[in-house]
Amino acid sequence: MKLFAIRGGIHPDYRKELASDKAITALPMPARLQILLHQHIGAPARLMVAPGERVRKGQMIAQGQGPVSAPTHAPTSGVIESVSEVTAPHASGLPLTAVVLAPDGLDEWATLPDPITDALTVAPQQIWDRVAQAGIVGLGGAAFPSVIKLHLGVQRKLEMLVLNGAECEPYLCCDDRLMREQAAEVVDGARIMAHALGARQVIVGIEENKPEALEAMTRAAAEFPDVTIQPVPVQYPMGSERHLVQALTGRETPAMKLTADIGAVVHNVATAQAVHQAVRHGRPLIDRVVTVSGRAVREPRNIRTPIGAPVADLIAFCGGLVGVPARLVLGGPMMGQPLPNLDVPVIKGTSGILALDAQETGEAAPGPCIRCGTCVSICPCGLVPLEMAAFIRTDDLKGAANLGVTECLSCGSCSWACPSHIPLVQYFNYAKGMLKTKERERAKSEHTKMQTEAHRARMEKAEAAKLAAKATKTTRASANGAAATGTAPDTRQSRAEEPTEA
Amino acid sequence: MMIETATTSAPYTHSAASVQKTMNTVILALVPATAFNLYLFGWPAMFLFSVTLFSCVAMEGLALLIRGRRLLPTLGDSSAILTGWLLAMTLPPWAPWWTGVLGAVFAILLGKQAFGGLGQNLFNPAMVARVALLVSFPVALTSWVGPHPLFWTGTPGFQEALNITFGGQIPDGFSAATALGFVKTELSRGIPVSQSMGQLPDLMDMGLGLRAGSLGETSLVLILAGGLFLMWKKIITWHIPAAMLGTLFVVATLGHTANPARFADGTFHLMSGAAFLGAFFIATDYVTSPVSKSGQIVFGCGVGLLTWVIRSFAGYPEGVAFAVLLMNSLTPIIDQYTRPRRFGRTRRGEPLAPLGDK
């Protein structure tokens with residue numbers, strides 16, 4: 001298959017060898033699981049259990065609510081100890097609601113939905129329902145409810161499902177291990193997803209630095225002519241949806257559109273395996289593979305981890321830390337989140353836990369920009385990071401927006417390469433956040449203004465009607481006008497409340 | 001266990017690049033050409049080189065003190081040393097010591113720190129100093145000597161050299177003209193270029209650097225080697241040097257074809273003066289050249305074209321420094337018009353048409 005070049009990108013020190021030869025092992029069941037209600041993009045799930053209640057493995061404990069949401073299930077059997085606030089696995093360290101589950105050690109399954117044996121021929125609705133019910137979200141890290149991305153074929157003509165096995169983040173090898181050890185499940189899940197999407201073919205893009213995974217996947221896909229396993233060059237951020245699709249098809253996703261608009265939907269390989277589990281075995285998403293790595297971890301590993309396990313347990317399972325790490329990171333080092341502490345729970349989107357020493361982080365105090373232009377050459381989005389940063393530094397967000405700051409992926413290439421160690425992504429994240437807030441405020445005040453104007457117009461109309469009625473009354477001495485004056489106050493009262501709701 | 005929580009977003013890993021490393025690599029690339037020329041022009045060149053370097057670092061320190069900044073982080077980035085080094089390379093090798101000191105004032109204080117320090121200056125500091133000195137002290141800045149390698153017979157010894165650099169007197173019989181200067185002077189006397197060029201050093205000597213010229217500009221071979229080293233190290237790319245030298249060669253060749261008596265040929269323009277030094281080490285200065293590759297090509301072409309125009313029509317025989325400064329002033333505008341195409345958008349910034357082939 002012909003491949004196509006993608007713009008820019010970097011070649012960081014991958015250090016995958018720290019954990020890539022470690023087979024996936026299961027984490028011993030922790031004493032407590034803290035299962036967050038909000039582990040995905042969209043609305044948090046709504047609690048379905050109460051403290052004291054016994055739940056079984058795979059039982060839904062919180063259901064999705066609203067159009068973008070996902071349910072959550074008990075990773076093992078046990079008793080709901082409490083519903084309390086725990087530290088979020090996020091830089092803010094803000095509290096989030098979690099179901100605290102004390103496992104009873106029995107690991108007793110709930111009654112699971114029946115396997116869908118004819119998954120490649122059933123109506124897509126069945127697959128959608130199953131994926132939604134199983135609480136599957138994008139396991140590459142974004143944790144977007146997968147069922148929504150399986151609907152993209154409804155209004156579009158899709159050609160292919162692109163399965164993302166690039167795993168371009170340094171250190172991480174959970175996808176690599178999964179492809180090596182569960183290739184058949186990944187391929188089957190992918191074919192089910194392609195069916196649900198109405199896409200004819202599956203292309204699995206895997207970076208060339210994973211020869212074993214490529215081999216295992218090629219073997220697993222050998223009997224399926226609709227599945228192509230395609231090595232792609234090692235080039236960060238190859239795993240970005242738009243860039244992977246471009247590398248594989250040569251098609252560039254237009255700005256403000258989805259890859260689906262050019263015929264391809266991208267799902268992660270681990271998501272495909274989860275879909276296989278849900279469809280073929282009825283099992284919901286209750287665990288995932290997490291890479292624990294970094295030179296400050298005694299014995300890096302790939303761990304199949306129940307959702308809700310404390311990070312501290314995973315680190316302990318890896319023999320603990322070596323010294324005091326310079327940084328603790330959730331996810332990959334390029335786009336991951338800083339860990340507020342070791343008590344935060346693993347969520348569905350947690351692909352890695354990294355403990356990095358000072359040499360690995362390579363941090364240094366930021367210096368002045370010397371305009372070397374490296375950030376411009378390597379930006380995979382064709383942006384001008386140094387200029388955007390200059391605008392943001394003077395709080396000229398409009399200037400930064402004109403240069404396309406909202407199209408920045410936050411892939412981190414520019415910050416990584418900057419010889420002056422300027423935290424460019426920090427600037428862009430700040431600008432993106434502020435612009436979003438401003439846009440929300442603008443929309444809100446616009447709405448308020450519209451409401452106020454509509455109200456005034458109504459009042460004027462009512463006033464005019466009143467005057468007209470009065471005039472009629474005086475001339476005809478009739479009581480007709482009373483009806484108009486009677487309705488006006490009601491209207492005003494009900495309308496006046498609206499802006500505050502918005 | 002206390003682990004400091006990051007206050008900035010990812011990435012939490014970094015390339016090995018640093019400003020200091022970049023500057024030091026450029027300095028390293030300059031070493032062969034500089035060492036050869038210091039040998040070629042002897043003790044006076046060494047004195048001037050040392051004075052210029054020392055003055056630039058001293059001026060940087062002074063500016064930092066005045067601005068109330070910490071000395072070490074900035075002095076440690078080697079940028080003042082590099083500026084001093086480049087400035088020294090463009091001075092006549094036997095120029096008096098005060099040209100180095102005054103040059104440092106122009107380069108560091110006025111050219112760099114007055115704009116806010118590293119990264120803030122619009123103009124190449126070394127070229128600001130070079131041009132300011134040339135305009136203010138034309139005699140001192142155009143007194144050239146031919147090669148007088150160290151320890152050769154007839155070469156000034158240490159004591160004599162001190163007199164040259166610090167006494168300000170070049171002894172009789174040493175002065176020589178640069179190739180560009182010679183051709184220009186002859187032309188002004190009515191002798192056509194085609195004739196005067198016959199009396200210049202041959203191509204071999206020009207390439208090796210056995211000729212009169214600025215302290216560090218004469219050895220094309222070693223400058224080219226340094227430039228290629230920088231490209232290999234990915235400090236610079238081919239865009240500016242190729243665009244500048246290519247344009248200079250093409251316009252000079254065209255001019256020469258049209259009127260051989262009036263205009264020197266392309267090869268002569270490439271090999272004389274500061275064309276090579278300028279193309280690889282001066283026009284490529286990060287701070288004062290455009291950031292995008294297409295912008296760098298525009299910039300390089302501009303420098304090449306202006307160099308030829310100034311050499312051919314202006315009062316000065318050499319034009320690289322002026323050309324670089326003029327193009328420096330256009331850098332912000334070039335930057336604005338040569339931004340890369342954004343992903344998913346046309347050159348004009350409109351979103352691409354969905355499912356259409358680009």
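Okay, so let's go over this structure. Quick caveat, the model's predicted, so the values are computed rather than measured.

## A few points about the overall build of chain B
Part 1 of the reasoning: Assigned secondary structure in chain B consists of 15 helices and zero strands.
Part 2 of the reasoning: Here the C-alpha atoms of chain B give a radius of gyration of 22 Å, agreeing with the 21 Å that 2.2 N^0.38 yields for 358 residues.
Part 3 of the reasoning: Dimensions of chain B, computed from the C-alpha atoms along their principal axes, are close to 70 × 55 × 30 Å.
Part 4 of the reasoning: The 358 residues of chain B split such that 52% are buried.
Part 5 of the reasoning: Long-range pairs, those at least 24 residues apart, make up 74% of the contacts in chain B with a sequence separation of at least 6.

## Some remarks on helix α4 (residues 97-112) of chain B
Residues and elements named next belong to chain B.
Part 1 of the reasoning: The end-to-end C-alpha separation of α4 is 21 Å, in line with the 22 Å expected for 16 residues at 1.5 Å each.
Part 2 of the reasoning: All buried positions along α4 are accounted for by W97, T99, G100, G103, A104, F106, A107, I108, G111 and K112.
Part 3 of the reasoning: Buried residues along α4 sit in contact with α1 (19-67), α3 (79-89), α5 (125-136) and α6 (158-167).

## Notes on the pairing of strand β13 (residues 287-293) of chain A
Walk down a regular strand and you will see the side chains alternate between the two sheet faces.
All names here are of chain A.
Part 1 of the reasoning: Across the seven residues that make up β13, a large majority, seven, are buried.
Part 2 of the reasoning: Burial along β13 is two-sided: the face carrying D287, V289, T291 and S293 and the face carrying R288, V290 and V292 are both buried.
Part 3 of the reasoning: Where β13 meets strand β14 (residues 301-306), six bridges bridge the pair, whose relative direction is antiparallel. Residue V289 lies in a different strand from β14, and its bridge partner there is R304.

## Some points on the interface of chain B and chain A
Part 1 of the reasoning: On the chain A side, the residues contacting the 37 residues of chain B number 57 residues.
Part 2 of the reasoning: In terms of residue class, the side of chain B that touches chain A is built from 19 nonpolar, twelve polar and six charged.

## Comments concerning the environment of T247 of chain B
Residues and elements named next belong to chain B.
Part 1 of the reasoning: Within the secondary structure, T247 sits in helix α11 (residues 239-258).
Part 2 of the reasoning: For the pair T247 and C301, spaced 54 residues apart in the sequence, the C-alpha separation amounts to 5.4 Å.
Part 3 of the reasoning: If sequence neighbours within four positions are ignored, T247 has contacts with G300, C301, G304 and L305.

## Thoughts on the packing of helix α3 (residues 174-181) of chain A against helix α7 (residues 269-281) of chain A
All names here are of chain A.
Part 1 of the reasoning: Interhelical geometry of α3 versus α7 gives an angle of 45° and a closest axis separation of 9 Å. Of the possible angle classes, the one that applies to α3 and α7 is oblique. Where α3 abuts α7, its residues C174, D175, L178 and M179 lie against V269, A270 and Q273.
Part 2 of the reasoning: For the contact of α3 with α7, a count of residues per class yields five nonpolar, one polar and one charged.

About the criteria used
- Residues numbered from 1 in each chain as written.
- Chains lettered and ligands numbered in written order.
- Predicted model: local features only at pLDDT ≥ 70, side-chain atom pairs only at ≥ 80, totals over all residues.
- Helix = DSSP H or I, 4+ residues; strand = E, 2+ residues; numbered from the N terminus.
- Rg over C-alpha atoms; globule rule 2.2 N^0.38 Å.
- Buried ≥ 20, exposed ≤ 12 C-beta atoms within 10 Å, placed from the backbone.
- Contact = placed C-beta atoms within 7 Å.
- Expected span 1.5 Å × (residues − 1).
- Pairing = 2+ DSSP bridges.
- Nonpolar A, V, L, I, M, F, W, Y, C, P; charged D, E, K, R; others polar.
- Axes fitted to C-alpha atoms, helices over the stretch in contact; angles between N-to-C directions.
- Parallel < 35°, antiparallel > 145°, perpendicular 65-115°, else oblique.

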